[in-house]
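Reading the structure
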Amino acid sequence: MNIIVLNGSPHGQKGITAQYTQYLEIKFSEYNFETIEISRKINRLEKNEKYLVSIINKMVEADVITWAFPVYTMLVPSQLKLFIELLFKQNAQELLQGKIATGISSSANFYDHTAHNYMHEISSDLGLRYVRGFSAEMNDILSKKGQNNFLGFAKDFFWKVNENDIIEDRIISKIDWKSTDMHSIEIPKKITKTGNKKIVIVSDADVEDQNLIKMIRLFENQVSHPVEIIELGNTKIKGGCIGCLKCGDGDACFYKDEYADAFSKVRKADIVIYAGAIKDRYYSARFKKFIDRYFSNGHRNVLSAGLLGHIVSGPLNQIANMRETLEAHIEVSHCHRLGIVSDDNLDAKMIGKHINNMVKTVEHWVANEEWTTGQTFLGVGGHKVFRDLVYHYRGVMTADYKFYKEKKLLDFPTRNFSQRLFGFLLLTMKKIFKLKLKPKEMNEQRLKPFKNLLAKEQLAINN
Ligand SMILES: Cc1cc2nc3c(=O)[nH]c(=O)nc-3n(C[C@H](O)[C@H](O)[C@H](O)COP(=O)(O)O)c2cc1C
């Protein structure tokens, strides 16, 4: 069996992900593995079409395609994203039809599922038959249990390849989308900027993204606060994050380019909007490059903004996975949700209305003490993973650790001493006195602080 491993880690063979694929090479020596460094060779792949075609040919000749990637900001590294865009540009899907593929990732298990969903989706768009991949926490194969699980996955995968049946229960629907014509929507005159909030829009719009440009302009002209637009097309960003961790102690990113300036505007803004057009099933690789470079701030939520939103051009309603990452982005940033507006509505007027609603949300939020939407699992779960990671790697992520300590983000349940004492006493009493809690009493105890709060509020109103 000839297996081609497409390695999307900027660390190449010195990365954690490659340790997993090397482990497979040792354990399955009866198969032929060939690894191609995608992220490390991305500049050559982008500039040299012959080289790109030679890699596509290797994919075609292989029996099995394995995507190997670290999770980068809820998806794959921008370098791998660019490779995927290049494959579609070359119409590689015409050659790859029916091949079997899978994905192997390493990460901290923070939004690894969205990265795997994305790889499943684009593999399907490329005509590949995709077997559910393996998402390893970085250290998984260092334990016997982790090794066993990883080998189990691999054996299962090779069995499916030999059966020539991927035995999958998930079907990815093809995207069926035609851009809505927004010509009929007129752009109103820019209103005088009487507000004092700083709005920054990070725009990935190219000239052909007419709807995106229009949606941005509609927002900019109607909102009463000054707007600054950062055009990614005119911002020189030399490369995607390579995970060198030079920034771990709080030092500047090793790249010397225009990213730092652009990001400092985002960081200081009161309201931030990301605006981009969908390329395959996510924002473009260029936009992803900007997003990944945020890692120079580690896991610190450094935005001043209280309000965060997205303006998207493309079939967002058909890509639930992308929508989830955008919602998560807002929650993980601890911002109020400005909204996620896209032009995938068939009615151009409705798109205009949604942008207008975004403007109204800004005005209403500013006038109403700038509150924050309650978090769901996306934000709460995300915070707990980050918190544990930062604590675990505090010797490396020193700047993160300092930040988390200062902001009291190391909120482990074990640090809530009264809760711990209460739990301990209750447990001890249950053990010693064979105490059984009665459901009715238990519920009354549970409601007590709420009843107190309601009584206090009622009293305040009555007085
Ligand atoms: C820019 C950047 C973004 C990252 N984003 C995520 C993430 O969203 N979720 C996660 O679990 N880990 C994330 N990580 C951690 C990597 O996925 C993890 O360290 C991985 O094992 C690195 O693999 P490699 O050494 O093969 O590159 C990120 C790392 C970097 C450098």
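Rules used throughout
- Residues numbered from 1 in each chain as written.
- Predicted model: local features only at pLDDT ≥ 70, side-chain atom pairs only at ≥ 80, totals over all residues.
- Helix = DSSP H or I, 4+ residues; strand = E, 2+ residues; numbered from the N terminus.
- Near = placed C-beta within 6 Å.
- Nonpolar A, V, L, I, M, F, W, Y, C, P; charged D, E, K, R; others polar.
- Domains from an automatic or database assignment.
- Core = buried A, V, L, I, M, F, W, Y, C linked by C-beta atoms within 7 Å.
- Buried ≥ 20, exposed ≤ 12 C-beta atoms within 10 Å, placed from the backbone.
- Contact = placed C-beta atoms within 7 Å.
- Axes fitted to C-alpha atoms, helices over the stretch in contact; angles between N-to-C directions.
- Parallel < 35°, antiparallel > 145°, perpendicular 65-115°, else oblique.
- Left-handed = near helix turned anticlockwise from the far one by under 90°.

Description of unusual backbone geometry
Phi is positive for Thr73, close to 40°, though the residue is something other than glycine. Inspection of the secondary structure puts Thr73 in the loop between β3 (64–70) and α4 (78–89).

Quick notes on the site of the ligand
Of all residues adjacent to the ligand, which total 23 residues, the nearest are Gly15, Thr17, Pro70, Ser107 and Gly243. Only α1 (16–27) and β4 (100–107) provide two or more residues apiece to the shell around the ligand. When residues in the shell around the ligand are grouped by element, the largest group, three residues, is from α1. Residue composition of the shell around the ligand, by class: twelve nonpolar, nine polar and two charged. Residue assignment places the shell around the ligand across two domains, with domain 1 (2–163) and domain 2 (199–367) each supplying three or more.

Looking at the nonpolar core
If you look at the biggest cluster of nonpolar residues, it comprises 106 residues, and the most contacted ones within it are Val202, Met215, Ala275 and Ile311. The element best represented in this core is strand β8 (residues 271–279), accounting for seven residues. Of the residues that make up this core, three or more belong to each of domain 1 (2–163) and domain 2 (199–367). Sequence-distant contacts of Ile311, defined by excluding residues within four places in its chain, comprise Leu212, Met215, Ile216, Phe219, Ile273, Ala275 and Val341.

Topic: the packing of helix α8 (residues 210–222) against helix α12 (residues 348–367)
Where α8 meets α12, the axes come as close as 9 Å, and the angle between the chain directions of the two elements is 40°. By the angle between their directions, the pair α8 and α12 is classed as oblique. Between α8 and α12 lies a crossing whose hand is right-handed. Two secondary-structure elements touch here, α8 through Met215, Leu218, Phe219 and Gln222 and α12 through Ile351, Gly352, Ile355, Asn356, Met358 and Val359. For the contact of α8 with α12, a count of residues per class yields seven nonpolar, three polar and no charged.

Quick word on the domain arrangement of the protein chain
Partitioning the protein chain into structural domains gives domain 1 (2–163), domain 2 (199–367) and domain 3 (416–463). The partner domain 2 presents 18 residues to the 21 residues of domain 1 that form the contact. Sorting the residues of the side of domain 1 that touches domain 2 by element identifies α4 and α6 (112–125) as the ones contributing at least two each. Sorting elements by how many residues they give to the side of domain 1 that touches domain 2 places α4 first, with seven residues. Residue composition of the side of domain 1 that touches domain 2, by class: eleven nonpolar, six polar and four charged.

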